[in-house]
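Chain and residue survey
For reference, the chains in residue letters:
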Amino acid sequence: MAFLEVRELTLDYSTPRGPLRAVDSVSFSMEKSGTGLGLIGETGSGKSSLVMALARILSRNVSRYSGEVFLDGKEIMGLSNDAYRRSVRWKQISVVFQGSMNGFNPVMKIGKQLTERMLLEPGADRNGASEKVLGLLKDVGLSPEVFDRYPHELSGGMKQRVAIAMALCLDPRLMILDEPTSALDVSVQAQIMNLLKKLKWELGISMIFVTHDIALASEISDDLGVMYAGQLREFGSAEDVMLRSADPYTRDLLASIPRLHGGVGPKFVSGMAPDPIDRPAGCRFRERCSLAFERCVEDPPLRPVGGGAVGGAPAGSSHVARCWLVGAGSAS
Ligand SMILES: Nc1ncnc2c1ncn2[C@@H]1O[C@H](COP(=O)(O)OP(=O)(O)OP(=O)(O)O)[C@@H](O)[C@H]1O
Ligand code: SF4
Ligand SMILES: [Mg+2]
């Protein structure tokens, strides 16, 4: 049984121009707990919508939210909002995003804010909760004095550490991190990445890490998923996706990473993703793909890289990609 299995997750927003499908029938799994999944892809590809759908943090204009999500074999999409809040949010799945560090109550001390979160657990007592908060502050590399400070007395990096401590309060199984370091300068970013690696290693917590930065994603990810125009384009072990990518979009994305050595400059993916409200039929990368051919007017399913069954393979720990050339020799 997979630790997390996502089946056909779909999310639409209602917009003045019509429905916008931000997440289009996305299926994948994280086979083992304690592992990291990196989600990469260019802006607007649906990364945040996908993880917010998993954490059921939905904006008001969501007009369709469907699919199945199994956490340790238990389906959680079918739970009522109340049941989800009681049994899943923060307890099983917690979220840290770029803005988390600015989401604290400015007039409440940090220790009290964390303690209040702890007290969401039935049976938790205030003294025990305070003790646990002090332990958590230590886990995230903060001194006990932070307990008595107000948010404005902390640097951005310290606040993001508190946001991570907040996400850990109720011992979740899965922590979702959406661009958690992109508002921080590079040295603080490196410290937070080291902290996340330590937490993954020491607490065995599973992570889904969303970023534009492929190098950052590869630091923490056992598996990588590549999103494009609402679809999963490629999924596999970080090694397979980084070193043996099979999808032309993933390859172009990887080629856009600047390299210090080798004398090869970055090659940016030219053109733009299709209008999300009026996507043309066929492969969504077709207009930008240098390998496009006649068949690309049909939408390719995810297929196992290196051959296998044709037609809609779900992305698990195996390597799959969404391109008609996969399995045909020239792209894989
Ligand atoms: N509340 C909303 N209402 C309408 N459209 C939305 C809403 N939120 C996101 N979108 C649209 O959904 C699509 C996916 O957006 P999303 O924010 O999930 O992408 P992303 O991959 O996280 O992008 P980024 O890397 O910039 O954070 C985009 O076309 C975006 O404009
Ligand atoms: S299916 Fe066609 S257009 Fe799409 S990535 Fe593959 S070759 Fe390019
Ligand atoms: Mg986003």
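In short, a report on the structure. (Residues numbered from 1 in each chain as written. Chains lettered and ligands numbered in written order. Predicted model: local features only at pLDDT ≥ 70, side-chain atom pairs only at ≥ 80, totals over all residues. Heavy atoms only, no water.)

Around ligand 1 sit 16 residues, and of these Thr43, Lys47, Ser49, Asn61 and His212 come closest. Ser49 is positioned such that a nitrogen or oxygen atom in its side chain is 2.5 Å from an oxygen atom of ligand 1. When ligand 1 is considered free in solution it has 630 Å² of accessible area, and contact with the protein chains removes 68% of it. Elements represented by at least two residues in the shell around ligand 1 include exactly β1 (4–15), β2 (18–30) and α1 (47–54). The leading source of residues in the shell around ligand 1 is α1, at three residues. A breakdown of the residues in the shell around ligand 1 according to their chemical character gives four nonpolar, 10 polar and two charged. (Near = heavy atom within 4 Å. Polar contact = N/O pair within 3.5 Å; in protein donor to acceptor, adjacent residues only side chain to side chain. Areas by Shrake-Rupley, 256 points an atom, 1.4 Å probe, with all protein chains shown as cover. Helix = DSSP H or I, 4+ residues; strand = E, 2+ residues; numbered from the N terminus. Nonpolar A, V, L, I, M, F, W, Y, C, P; charged D, E, K, R; others polar.)

Time to look at the pairing of β2. Across the 13 residues that make up β2, a large majority, 10, are buried. In this structure, β1 lies alongside β2, joined through nine bridges in antiparallel fashion. The partner of Glu5 across the bridge, within β2, is Ser29. Between β1 and β2, which pair antiparallel one after the other, the connecting turn spans two residues. (Buried < 20%, exposed > 50% of the residue type's maximum accessible area, 1.4 Å probe, protein only. Pairing = 2+ DSSP bridges.)

With that out of the way, let us pick up the pairing of strand β10 (residues 231–237). The buried count for β10 comes to six of seven residues, which makes it a mostly enclosed element. Where strand β9 (residues 223–228) lies against β10, six bridges are found, and the strand directions are antiparallel. Note that in β10 the partner of Tyr228 across the bridge is Gln231. What sits between the antiparallel neighbours β9 and β10 is a turn of two residues, in which Ala229 has the positive phi angle 50°. Strand direction decides the pairing type here: β10 and strand β12 (residues 320–321), joined by two bridges, are antiparallel. The partner of Phe235 across the bridge, within β12, is Val320.

Each pocket or cavity is described by its volume, and for the second largest pocket that value is around 200 Å³. Put simply, the parts of the chain that give the lining of the second largest pocket at least two residues each are β6 (93–97), α3 (110–118) and α5 (156–168). At three residues, α5 tops the list of elements feeding residues into the lining of the second largest pocket. Classifying every residue of the lining of the second largest pocket by side-chain character gives seven nonpolar, three polar and one charged. (1 Å grid on protein atoms, 1.4 Å probe; cavity = no way out; pocket = protein on both sides within 12 Å on 5 of 7 lines; lining within 4 Å. Points joined across faces, edges and corners; volume = space filled by probe spheres on them.)

This paragraph deals with the pattern of salt bridges. In the structure shown here, the tally under the stated rule is 17 salt bridges. Among the ionic pairs, Glu68 bridges to Arg7, the shortest N-O distance being 3.5 Å. Residue Glu68 is located in strand β4 (residues 62–71), and its partner Arg7 is located in strand β1; the two are separated by 61 residues in the primary sequence. Judged by relative accessible area, which is 34%, Glu68 ranks as partly exposed. (Salt bridge = Lys/Arg side-chain N within 4 Å of Asp/Glu carboxyl O.)

Let us look at the site of ligand 2. Residues in close proximity to ligand 2 include Arg233, Pro248, Cys283, Arg286, Cys289, Leu291, Ala292, Cys296, Pro300, Cys323, Trp324 and Leu325, which together make up its full environment. Here ligand 2 is seated within the largest cavity. Taken together, the residues of the shell around ligand 2 break down into 10 nonpolar, no polar and two charged. (Sits in = over half its atoms within 2 Å of the grid points.)

Time to look at the sheet that holds β2. Read across the sheet, four strands follow the order β2-β1-β4-β5 without closing on themselves; strand pairing throughout is antiparallel. At either margin of the open sheet sits one strand with a lone partner, and together these are β2 and β5 (74–75). In this sheet, β5 lies alongside β4 in antiparallel orientation, the contact comprising two bridges. By the bridge assignment for β5, Phe70 is matched with Glu75.

With respect to the element layout, Thr10 can be found in strand β1. Judged by relative accessible area, which is 3%, Thr10 ranks as buried. From its side chain, Thr10 meets the backbone nitrogen of Ser25 in a polar contact 3.1 Å long. Beyond its immediate chain neighbours, meaning those up to four positions away, Thr10 contacts Arg21, Val23, Asp24, Ser25, Arg64, Tyr65 and Ser66. (Contact = heavy atoms within 4.5 Å.)

Before going further, it helps to examine the nonpolar core. The biggest cluster of nonpolar side chains holds 39 residues, and the ones touching the most others in it are Leu4, Phe28, Ile93, Ile176 and Ile208. By residue number, the principal contributor to this core is β2, which donates six residues. Listed in part, the 38 residues of the second largest apolar core include Leu154, Met175, Leu177 and Met193. (Core = buried A, V, L, I, M, F, W, Y, C linked by side-chain atoms within 4.5 Å.)

As a further point, take empty space enclosed by the protein. If you walk through the whole model with that rule in mind, you get two cavities of 30 Å³ or more. Taken as a whole, the largest cavity holds about 80 Å³ of empty space. Contributing to the lining of the largest cavity are 14 residues, with Arg233, Cys283, Cys289, Cys296 and Cys323 lying nearest its centre. A per-class count over the lining of the largest cavity returns 12 nonpolar, no polar and two charged. What the second largest cavity holds in volume is close to 40 Å³.

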